[in-house]
Amino acid sequence: MRFAQLAPLFLCAVAAAGPSFAADPASPEAPLDGETVETVEVTGSRLGAEIRPVKVLDRGQIERLPVADAAGALSYVAGVDLRERAPFGAQADLSLYGSGFEGVLVLVDGMPVVDPQTGHHLLEFLPPLASIERIEVLEGPAAAAYGPGAFGGVVQIVTRRPEREAKAAGGLAAGQNGLRRGELYGTAGDASLAASRTVADGYRPDTDLADMRLLGRFARGPWDVEALYQDKRFGAWEAYSGTYPNQWESVRGVAGRAAYRGGGWEAAFGWRRKRDEFLLDRDRPSFYDAVHTTDGQTLSLTRRVALGRGAEMAVGLDGSRESIDSNVLGDRDRGRGGLFAELHVVSGGFETSVGARAERAVGRTWFLPQIAAMRAAGSWRFTASLGRAMRLPSFTELYSNSPAYVGDPNLVAETAWGLELGARGPLGPLDVSAKVFHRRGDDMIDLVRPVGETGPFREANIESQRLDGVDAAVEGPLGGGFRFRVDGMYLAQSADWPRALDSRYVGDILKHRETAAILYGAGPFSATATLRAQQRQDGVGHAEVDLRFASRLGRGGRTEISLDVRNALDQPDRNFYGGELAGRWIWLGVEFR
């Protein structure tokens, strides 16, 4: 269904929501300032230089969305391509600005959530939603600051810092398809604990889900320590193959970090251990039962120095070791290390950041530079950046040998150059932003097979991928307690690979994506209606309307009841193999804060 066909229905849904929440339009809460998905400059560097635009979803924004997990919240950010194989965080691939699902670096409180087995597990070990303070999305190459993996961009999940004062929050939800969900968050004495449990029967056979997550964090003075635990089991219908649709997967493990920041020094150590079991046919477990145990450790040390006259520098080193013990991929391990430096200079209305990294891995060295600049002109900000990135192939890409996919141990690392030009500022009551970008990637890794054949896909380095695009957004008040936001992204791709080959990923990226949202708030009542529409390079499109209605109760409004509707018009998206994903999904919830 096209965007234009859904727009009238979307506006009708919003109009219907307004009267049902009729309240004093002059309520001080009516403007809902800061509660739309906005593009702001937060951090895109080791020094926190506010130059490159970073898109941010803060806690208030997340609470206005019909989502139950961090991955779902990301799907409302323009430029993000989230391909959910199953809802509520069961399985999803993440792409930024046309990158592959292996080409995004995810951080939790600065700790890399890197999975050497496969990028399909990039969004594992995300913390419970109640513990998240904000989500930051930096689009474009960022390897100079963050290392390999920051190919299409960086997603940073920032959790709530523990407080000394005792506080608690939680919620329960239940809905269609056997959905039951509970979440708790508490903090006291510089420590916090968050827990979530989601169970669903699924929208069709082999889409069941049982997911539990725990996060514990302690932060006092310069010290910050946290640990994550996840136990997730789900029916993976057509997740990785259309030939064998009834799949099943279990992902369990722990991850954590310890960090110190003080006296100009920053040091951090992170670890992760995960056990993944995958059945290609859950009705015949012995047909293909893959069991993988991965381990990873990361270490970084950074020194920040103020140079005077508006200049500051950071230098440091980082490294990691990762290994896998698998009955399918074998026993593998590898390490990497990098030296990096960054200089940030502020002079008049100009800010400039220059960084570089020397990265060593698999017997090779890469030089990864980055330069960014910002010019302030009144209330407007104009930005530009140029950088180089790379990523190593995963163990699955290298060594897989299944009935569905075959790896290639001779794959080489992907590399890319990216250029961005952007502007943001006010036009009367409106906030407007726009960005144009170009990226050229070489030795891109993709799954391919001859057109018309039905055998397994094979990993291969294709010649190159060239992307040109534009990203724009506008938001502002509508009066009477209403606000709006409209954003969109368009990508033009040119990729060199033999046309006799069918491309699974590189040829299936987004062509355009649009989001339109209207928010209403007056007194204790609020409503959000969001239209999301997109089309891929192969012409396949999808659009859906999502709704959330909420009302605060009791003294201080600390209790909230809500009604969430995902895909209200029941327009299912399709997976890689043409199968229908979840349609309309409705649930009721109650939360206390």
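Before reading further, recall that the structure is shown in the block above.
Notes on the structure follow. The structure presented is a predicted model; accordingly, all values stated were derived computationally and were not measured.

### Some points on the pattern of salt bridges
Counted by the stated rule, this structure contains 54 salt bridges. The salt bridge partner of Arg 275 is Glu 277, with a shortest N-O separation of 3.8 Å. Of the charged contacts, one joins Arg 566 and Asp 546 as a salt bridge, the two residues approaching to 3.9 Å between their closest N and O atoms. Taken together, the residues Arg 566 in strand 33 (residues 559–566) and Asp 546 in strand 32 (residues 541–553) connect sequence positions 20 residues apart. Classification of Arg 566 by relative accessible area gives buried; the value is 15%. Residue Asp 546 is classed as buried on the basis of its relative accessible area, which comes to 0%.

### Overview of the sheet that holds strand 29 (residues 501–503)
Overall, mixed pairing links the four strands, which are arranged 22-26-25-29 in an open sheet. The outermost strands of the open sheet, each flanked by one partner alone, are strand 22 (405–406) and strand 29. Pairing geometry for strand 22 and strand 26 (residues 457–461), over two bridges, is parallel. Across the sheet, residue Val 406 finds its bridge partner in strand 26, namely Arg 458.

### Quick word on the packing of aromatic side chains
Summed over all chains, the structure comprises eight aromatic pairs. When the ring centre of Phe 340 is taken as origin, the NZ or CZ atom of Arg 46, which lies over that ring, is 4.2 Å away. The residue whose ring lies beneath Arg 284 is Phe 287, and the NZ or CZ to ring-centre distance is 4.4 Å.

### Observations regarding unusual backbone geometry
Notably, Phe 125 is not glycine yet its phi reads approximately 60°, a positive angle. With respect to the secondary-structure elements, Phe 125 resides in the loop between strand 6 (111–112) and strand 7 (132–139). Among the residues examined, Phe 125 registers a relative accessible area of 2% and is labelled buried. Phi at Asn 177 takes a positive value of approximately 60°, unusual for a residue other than glycine. Considering the arrangement of structural elements, one finds Asn 177 in the loop between strand 9 (167–175) and strand 10 (179–188). A relative accessible area of 28% places Asn 177 in the partly exposed class.

### Describing the pairing of strand 13 (residues 223–235)
Both strand 12 (residues 209–220) and strand 13 contribute to a ladder of twelve bridges, which runs antiparallel. From the neighbouring strand, Ala 219 faces strand 13, where its bridge partner is Asp 224. Counting the residues in the hairpin turn of strand 12 and strand 13 gives two residues, including Gly 221, whose phi is positive at 60°. Judged from the 13 bridges that link them, strand 13 and strand 14 (residues 248–262) form a sheet pairing that is antiparallel. Bridged to Tyr 229 within strand 14 is Val 254.

### Here's the deal with the nonpolar core
A general tendency of soluble globular proteins is for nonpolar side chains to be buried together. By size, the foremost hydrophobic cluster in this structure holds 36 residues, and its most contacted members are Leu 94, Leu 123, Ile 135 and Val 155. With four residues, the single largest contributor to this core is helix 3 (residues 70–74). Among all residues touching Val 155, those that are not within four sequence positions of it are Leu 74, Leu 94, Leu 96, Val 104, Leu 105, Val 106, Leu 107, Ile 135, Glu 136 and Val 137. Core analysis: the second largest hydrophobic core is formed by 24 residues, Phe 101, Phe 278, Tyr 288 and Trp 587 among them.

What counts and what doesn't
- Residues numbered from 1 in each chain as written.
- Predicted model: local features only at pLDDT ≥ 70, side-chain atom pairs only at ≥ 80, totals over all residues.
- Heavy atoms only, no water.
- Salt bridge = Lys/Arg side-chain N within 4 Å of Asp/Glu carboxyl O.
- Helix = DSSP H or I, 4+ residues; strand = E, 2+ residues; numbered from the N terminus.
- Buried < 20%, exposed > 50% of the residue type's maximum accessible area, 1.4 Å probe, protein only.
- Pairing = 2+ DSSP bridges.
- Phe/Tyr/Trp six-rings, centres within 6.5 Å; stacked < 30°, edge-to-face > 60°.
- Lys NZ or Arg CZ within 6 Å of the ring centre and 35° of its normal.
- Core = buried A, V, L, I, M, F, W, Y, C linked by side-chain atoms within 4.5 Å.
- Contact = heavy atoms within 4.5 Å.

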